[in-house]
Amino acid sequence: MPSASSDSFRPVPSSLWRDADFRRLWLGQTASQLGEHASLVMLPLLAVLTLDASAGRLGVLRAVGQAPILLLSLFAGAWVDGWRTRTTMVLADAGRALALGAVALACLFGRLGMPGLFVLAFAVGALSVFFDVAYQASLVRLVERGQLLRGNSALEGSRSAAQIGGPALGGALVSLLSAPVAAASGALFFALSFLSIRRIRRAEAVPKRREHPPGIGHRIHEGLRFVARDRVLRAVCLASAAFQFSFAAMMTAYLLFLPRELHLSGTVVGLALAAAGPGALLGSLLAARVPRRFGHGAVLVCAAALGDGMFLCVPALHGSSAATVPALLVVGFVFGFGGQLVNVTIMAVRQAVTPDGMQGRVAATITFAGMGLAPLGSLFGGFLAGEWGLRTGLLVAAAGMMLSPVVMALSPLARLGRELPAPRGGPTGG
């Protein structure tokens, strides 16, 4: 198994942006996240606009794309803790580029159908699980612990912008271009990430393997037990689960509500989703400073409540109102701002309390417990939209998002101060 001793590990200089390898990681991660989140909307919109998919089928498609999070996250975490993150990210990028290329060819030759979309959505989702776990562990291996907040501010800033701006890009590609060109354009982002990350030259500080390494099942159990016994990480899991389930339900209803209830075009839908991009950028600029001034716990609770609560306003909008589009822009901007502050802060807290040899498994465990519920949330959102109507379904899903800041406010996370907590003890390697 490839490894790098601690002696060969050269930490990034004090100025992260002066380091070529960090810039390559940032560029690759940014391109990959844009491609990933654009595809999360691109494939459902292709189903809605090209194949006239129903609310139920749309929910199933989104659930299939998110199912690998539930099925593969724990395995990916155990894999990443004993392997080079660069290798994992490069292979995942190559696979996703090929999968979206297959979508483009199917569209070009008129062979695109729901069964094919299900298969390709699952493939993209599976490879995304490995990439996301690997990139979360990569920063800890490339920078010193004191640089985590700044490094996460940069990486999570681009990820959060992509998480919100990527769907806008996907909507615009499907609306403005033909289906084959839209899918091929998405594949180009993964190709760019592949080319950038494979140029990273720094040897990773991969944790040394134990003399008699346990099996993968035992390593997965170590990660689960470590998170379950730590009050801070346990609270992160619960808050993430509440948010991801409700957010997935809300997005399923939201993607139907905007074009069908408010009668907005694909371009305007993309614009409404893109509004979170500037908000995320502002959040990124402040994320490295605000927690150190007001405290990590206060920032987590207040930012989550502010950002998530904005979607409670959306069901009150009507397509005939002149204020509809401006209101959607405000909702997206504030959500992007609050979400970015939460993402950077929670990532830094999680990495700070986790020993190096557990980074991959802890990231995967939290992803499993949180985003693993997203497929069920997507199905629930489709059920709400189909049975209760788009407006009521959207309101219920948006209200569910408020559970996340409530969980954080009642947990040890709310009591975190201006300094990051110290790392806990745990297994040191695979």
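Computed from a predicted structure; not experimentally measured.

1. Some details on the overall build of the chain
- Scanning the chain for helices and strands turns up 17 helices and zero strands.
- Of all 430 residues assigned to the chain, the portion counted as buried reaches 59%.
- Considering only contacts within the chain whose residues lie at least 6 apart along the sequence, 90% involve residues at least 24 apart.
- Surface accessibility of the chain: about 16,700 Å² in total, with carbon and sulfur atoms responsible for 66%.

2. Considerations on the packing of aromatic side chains
- Applying the stated criterion across every chain, the model contains seven aromatic pairs.
- Ring centres of Phe75 and Phe130 lie 6.1 Å apart, and the angle between their planes is 75°; on these two criteria the pair is classed as edge-to-face. Residue Phe75 is located in helix H2 (residues 55-80), and its partner Phe130 is located in helix H4 (residues 114-142); the two are separated by 55 residues in the primary sequence.
- Overall, the relative accessible area of 36% leaves Phe75 in the partly exposed class.

3. A short note on the nonpolar core
- By size, the foremost hydrophobic cluster in this structure holds 61 residues, and its most contacted members are Val103, Met250, Tyr254, Leu258, Phe311, Val314 and Leu328.
- Tallying contributions element by element places helix H8 (residues 231-261) first for this core, with eleven residues.
- With residues up to four places along the chain from it excluded, the contact list for Leu258 reads His263, Leu264, Val269 and Leu328.
- Within the second largest apolar cluster, 28 residues are counted, among which are Val227, Leu300, Val349 and Met408.

4. Some words on the environment of Arg86
- With respect to the secondary-structure elements, Arg86 resides in helix H3 (residues 85-108).
- For Arg86, a relative accessible area of 28% puts it in the partly exposed group.

5. Regarding the pattern of salt bridges
- On inspection of all chains with the given rule, the structure shows four salt bridges.
- Among the salt bridges present, the one from Arg361 reaches Glu222, with a minimum N-O distance of 2.7 Å. Within this pair, whereas Arg361 is found in helix H14 (residues 359-370), its partner Glu222 is found in helix H7 (residues 216-229), the two being separated by 139 residues in sequence.
- Residue class for Arg361 comes out buried when judged on its relative accessible area of 2%.
- When its relative accessible area of 5% is taken as the criterion, Glu222 is described as buried.
- The network of salt bridges with shared partners includes Glu36, Asp93 and Arg96.

6. Some thoughts on unusual backbone geometry
- Phi at His263 is positive, roughly 60°, even though this residue is not glycine.
- Turning to its location among the elements, His263 is positioned in the loop between H8 and helix H9 (266-274).
- On the accessibility criterion, His263 (64% relative accessible area) is exposed.

7. Considering the environment of Ala304
- As for its placement among the helices and strands, Ala304 is situated in helix H12 (residues 296-309).
- Residue class for Ala304 comes out buried when judged on its relative accessible area of 5%.
- Sequence separation between Ala304 and Pro405 is 101 residues, and the spatial gap between their C-alpha atoms is 5.4 Å.
- Those residues within four positions of Ala304 in sequence are excluded, and the remaining contacts are Val299, Gly309, Val342, Pro405 and Met408.

8. A few points about H9
- For H9, every residue scored as buried is listed here: Val269, Gly270, Ala272 and Leu273. Burial along H9 is one-sided: seen end-on, the buried residues are contained in an arc of 160°.

9. Re the packing of H2 against H14
- Between H2 and H14, the shortest axis-to-axis distance is 7 Å and the interhelical angle comes to 175°. Here H14 runs roughly antiparallel to H2, going by the angle between their axes. Contact residues: H2 offers Ile69, Leu70, Ser73, Leu74, Gly77, Ala78 and Val80, while H14 offers Gly360, Arg361, Ala364, Thr365, Thr367 and Phe368.
- For the contact of H2 with H14, a count of residues per class yields seven nonpolar, five polar and one charged.

10. What to know about the side chain of Arg24
- Tracing the backbone through its elements, the reader meets Arg24 in helix H1 (residues 20-49).
- If we skip the residues at most four places from it in the chain, Arg24 touches Ser196, Ile197, Arg199, Ile200 and Arg201.

11. Remarks on a nonpolar patch on the surface
- A cluster of nonpolar side chains, contributed by Leu281, Leu282, Leu285, Leu286 and Phe333, occupies part of the molecular surface with about 420 Å² of accessible area.
- Per-element accounting of the nonpolar patch gives the leading share, four residues, to helix H10 (residues 276-287).
- Secondary-structure assignment places Leu282 in helix H10.
- In this structure Leu282 comes out as partly exposed when scored by relative accessible area, which is 35%.

12. Side note on H14
- Here H14 spans 16 Å end to end across twelve residues, near enough to the 16 Å set by a 1.5 Å rise per residue.
- Every buried residue of H14 is listed here: Gln359, Gly360, Arg361, Val362, Ala363, Ala364, Thr365, Ile366, Thr367 and Gly370.
- Where H14 is buried, its residues meet H2, H4, H7, H8, helix H13 (324-353) and helix H15 (374-387).

Rules used throughout
Residues numbered from 1 in each chain as written. Predicted model: local features only at pLDDT ≥ 70, side-chain atom pairs only at ≥ 80, totals over all residues. Heavy atoms only, no water. Helix = DSSP H or I, 4+ residues; strand = E, 2+ residues; numbered from the N terminus. Buried < 20%, exposed > 50% of the residue type's maximum accessible area, 1.4 Å probe, protein only. Contact = heavy atoms within 4.5 Å. Areas by Shrake-Rupley, 256 points an atom, 1.4 Å probe, with all protein chains shown as cover. Phe/Tyr/Trp six-rings, centres within 6.5 Å; stacked < 30°, edge-to-face > 60°. Core = buried A, V, L, I, M, F, W, Y, C linked by side-chain atoms within 4.5 Å. Salt bridge = Lys/Arg side-chain N within 4 Å of Asp/Glu carboxyl O. Arc of directions from axis to C-beta. Axes fitted to C-alpha atoms, helices over the stretch in contact; angles between N-to-C directions. Parallel < 35°, antiparallel > 145°, perpendicular 65-115°, else oblique. Nonpolar A, V, L, I, M, F, W, Y, C, P; charged D, E, K, R; others polar. Patch = residues over 30% accessible without salt bridge, like charges linked within 9 Å, V, L, I, M, F, W, Y side chains within 5 Å. Expected span 1.5 Å × (residues − 1).

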